[in-house]
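So you can see what is in the structure, the chains are spelled out below.
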Amino acid sequence: MGFLSILGLATGTIAPSRQAYAQDTSVAQIAAGIGITTLVGMLFSVPQPDKDTSYVIGGLGIMDVIDDDGIETPEFRAEYRPGLTLYRFKPIVGGFVTGRGALALYTGISHDLNIGKHLVLTATSGPALYIPNDGEYLGSNGVLHSSIEASYRFDNTSRLSLTFHHMSHGELFGERNPGTEKLAITYAIPIGGSKEQKKPPSQKP
């Protein structure tokens, strides 16, 4: 549902309001990123060495990085991605709180596209419960949360990532739909091990 709604926003099926014009480009970029990384991974059966690895993720970000009318606000986030993969997709659950007291809890799915040993592109999408408090009101407490993430994968499978997020309700709950974009730097700590980690060291005869 989240992915289809994002595609609807990107293609114009869900008409954007004038105030939301600035977010249209970012929605299209994230939708394209989700579509391309997922299709490439599926069509070419790109290996996912971390599909059995769970990750605990923490990071810092900035909310409202694009909207000129918004107020850039620091954000603190945490996320968990269990080592459960169903046809290349992994569930996620997480949350964030901003410097102005806004907070959200979200869930969804993620897809990894591994490019070589150290570069990973990850697409995520899903629903979120958003409580603005003194932060920006997004027109609804129910929103869609999507992101595209570029990570450097270390030899121990931990990851340092730069993530671009979009969050809005896509005018599913009314015409007021300002949306918001966020940039975050995160670090993912692996729990458990990938098949790559579990390989025994080679022994010389």
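Attention here is on the structure that accompanies the text. (Residues numbered from 1 in each chain as written. Predicted model: local features only at pLDDT ≥ 70, side-chain atom pairs only at ≥ 80, totals over all residues. Heavy atoms only, no water.)

Before going further, it helps to examine a nonpolar patch on the surface. Together, V56, Y80, V93, Y152, F154, L160, L162, L183, I185, Y187, I189 and I191 make up a nonpolar patch on the protein surface, roughly 1,000 Å² of accessible area in all. Where the nonpolar patch is concerned, the elements lending two or more residues are strand 7 (159-168) and strand 8 (180-191). Sort the elements by how many residues they give to the nonpolar patch and strand 8 lands first, with 5 residues. Inspection of the secondary structure assignment puts I191 in strand 8. (Patch = residues over 30% accessible without salt bridge, like charges linked within 9 Å, V, L, I, M, F, W, Y side chains within 5 Å. Areas by Shrake-Rupley, 256 points an atom, 1.4 Å probe, with all protein chains shown as cover. Salt bridge = Lys/Arg side-chain N within 4 Å of Asp/Glu carboxyl O. Helix = DSSP H or I, 4+ residues; strand = E, 2+ residues; numbered from the N terminus.)

Before going further, it helps to examine the environment of P91. Tracing the backbone shows P91 in strand 3 (residues 89-98). The class of P91 is partly exposed, set by a relative accessible area of 31%. C-alpha separation for the pair P91 and I109, spaced 18 residues apart in sequence, amounts to 4.4 Å. Leave out the neighbours within four places in its chain, and P91 touches Y80, R81, P82, L84, G108 and I109. (Buried < 20%, exposed > 50% of the residue type's maximum accessible area, 1.4 Å probe, protein only. Contact = heavy atoms within 4.5 Å.)

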